[in-house]
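This is what each chain is made of:
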Amino acid sequence: MEITFTGKRALVTGAGKGIGRATALALVRCGAKVTALTRTQADLDSLLQECPSISPLCVDVSDWGAVHSALQDVGPVDLLVNNAAQASLQPFLEVTPQQFDQSFNVNVKAVLHVSQIVAAGMKARGSGGSIVNVSSQASQRALKDHTVYCTTKAALDMLTKVMALELGPHQIRVNSVNPTVVMTEMGRLGWSDPDKAQAMTARIPLGHFAEVDDVVNSILFLLSDLSSMSSGVTLPVDGGFLAC
Ligand code: NAP
């Protein structure tokens, strides 16, 4: 079965690096017209060199006003991938209000905001659509030093479900992917230490971390009509970690 998005318009947040960048490029290969949003211009410059058909959007998703203005010019969106997130790791007793607020602003509040704008357009056009939120296995398991990250992703899972409930009648599906560790820049932050990595892979039945393409393929599936009856799903991409 081949996935095609010919004639569809997609928006991917956090598309400068890692999973978001690979998702934007995969969507182009599947025929979608893609807007790539991230906050570092140099990443957009290199993405455009790699794929000139992508439309770049340089904005920090946590800036409510800037996002509101920037998305006015994007035009209709059929497929949305809320991927931008930050991981700020510290022991529970050392979490600061600033770390808490900044992470919730990016990982949760910005997903709400971008999705409100995009879904309002889908509803007004009556065209339906598909939204995928990039969550984590950390939404459902406690991980040391991950107080803030785990709680943002737990909130994101419930946001996904309530969005599925309220947007379903407009034929807008909302799902999440929940990956295990992927060795992107973010993955290296928490899991470069071989002892930590070994302790984590020991808890994954398949015995290894995920690759970027494992996550991208699940995102494409949930965006596509191949999953047309799935909404409100939190899909593990975790080698069985959450089953244990
Ligand atoms: P990454 O390599 O660090 O890439 C994240 C991208 O998001 C970067 O381009 C980053 O831009 C952008 N971004 C971050 N904050 C932003 C903001 N406020 N506004 C706009 N763009 C912003 O991370 P990744 O590993 O690909 O992670 C992608 C998603 O997968 C995240 O939702 C993450 O929580 C989730 N995830 C990752 C793992 C993992 O182990 N890697 C596991 C489970 C889930 P800058 O570089 O300019 O900040």
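That block above? That's the structure.
Residues numbered from 1 in each chain as written. Predicted model: local features only at pLDDT ≥ 70, side-chain atom pairs only at ≥ 80, totals over all residues. Heavy atoms only, no water.

Student: Describe in detail the sheet that holds strand S2 (residues 33–38), supporting the description with residues and values.
Tutor: Across the sheet, seven strands lie side by side as S3-S2-S1-S4-S5-S6-S7; this open sheet has parallel pairing. Of all the strands in the sheet, the pair left with one neighbour each is strand S3 (55–58) and strand S7 (234–237). Going from strand to strand, the sheet's axes swing by 20° on average, the running direction of each strand aside. The sheet contact formed by S2 and S3 spans four bridges and is parallel. Its bridge partner being in S3, Leu 37 is matched across the sheet by Leu 57. (Pairing = 2+ DSSP bridges. Helix = DSSP H or I, 4+ residues; strand = E, 2+ residues; numbered from the N terminus. Axes fitted to C-alpha atoms, helices over the stretch in contact; angles between N-to-C directions.)

Student: A description of the nonpolar core should follow, citing residues and the corresponding values.
Tutor: Core analysis: the biggest nonpolar cluster contains 34 residues, and Phe 5, Leu 27, Val 34, Ile 54 and Ile 219 have the highest contact counts within it. Of all elements in the fold, only strand S1 (9–13), helix H1 (18–29), S2, helix H2 (41–50), strand S4 (79–82), strand S5 (129–134) and helix H8 (212–223) reach the threshold of two or more residues within this core. In this structure, Phe 104, Val 108, Ala 110 and Met 122 belong to the second largest nonpolar core, which totals 28 residues. (Core = buried A, V, L, I, M, F, W, Y, C linked by side-chain atoms within 4.5 Å. Buried < 20%, exposed > 50% of the residue type's maximum accessible area, 1.4 Å probe, protein only.)

Student: Mind laying out the environment of His 170, listing which residues take part and the relevant values?
Tutor: Turning to its location among the elements, His 170 is positioned in the loop between helix H5 (147–167) and strand S6 (172–179). The class for His 170 is partly exposed, based on a relative accessible area of 29%. Each C-alpha atom, one on His 170 and one on Ser 127, is 8.1 Å from the other, the two residues being 43 residues apart in sequence. Not counting the four nearest positions on each side in its chain, His 170 is found in contact with Lys 123 and Gly 128. (Contact = heavy atoms within 4.5 Å.)

Student: Explain the site of the ligand to me, using residue names and the numbers behind them.
Tutor: With respect to spatial proximity, 28 residues lie near the ligand, and among them Lys 17, Thr 40, Asn 83, Tyr 149 and Thr 184 are the closest. Lys 17 has a polar side-chain atom sitting 2.5 Å from an oxygen atom of the ligand. Here Arg 39 contributes a side-chain N or O atom positioned 2.8 Å from an oxygen atom of the ligand. Burial of the ligand by the protein chains amounts to 94% of its free accessible area of 890 Å². At a threshold of 2 Å from the grid points, most atoms of the ligand map onto the largest pocket. Of all the elements in the fold, those that place two or more residues in the shell around the ligand are H1, H5 and helix H6 (185–191). Here the shell around the ligand gets three residues from one element, more than from any other, and that element is H6. (Near = heavy atom within 4 Å. Polar contact = N/O pair within 3.5 Å; in protein donor to acceptor, adjacent residues only side chain to side chain. Areas by Shrake-Rupley, 256 points an atom, 1.4 Å probe, with all protein chains shown as cover. 1 Å grid on protein atoms, 1.4 Å probe; cavity = no way out; pocket = protein on both sides within 12 Å on 5 of 7 lines; lining within 4 Å. Sits in = over half its atoms within 2 Å of the grid points.)

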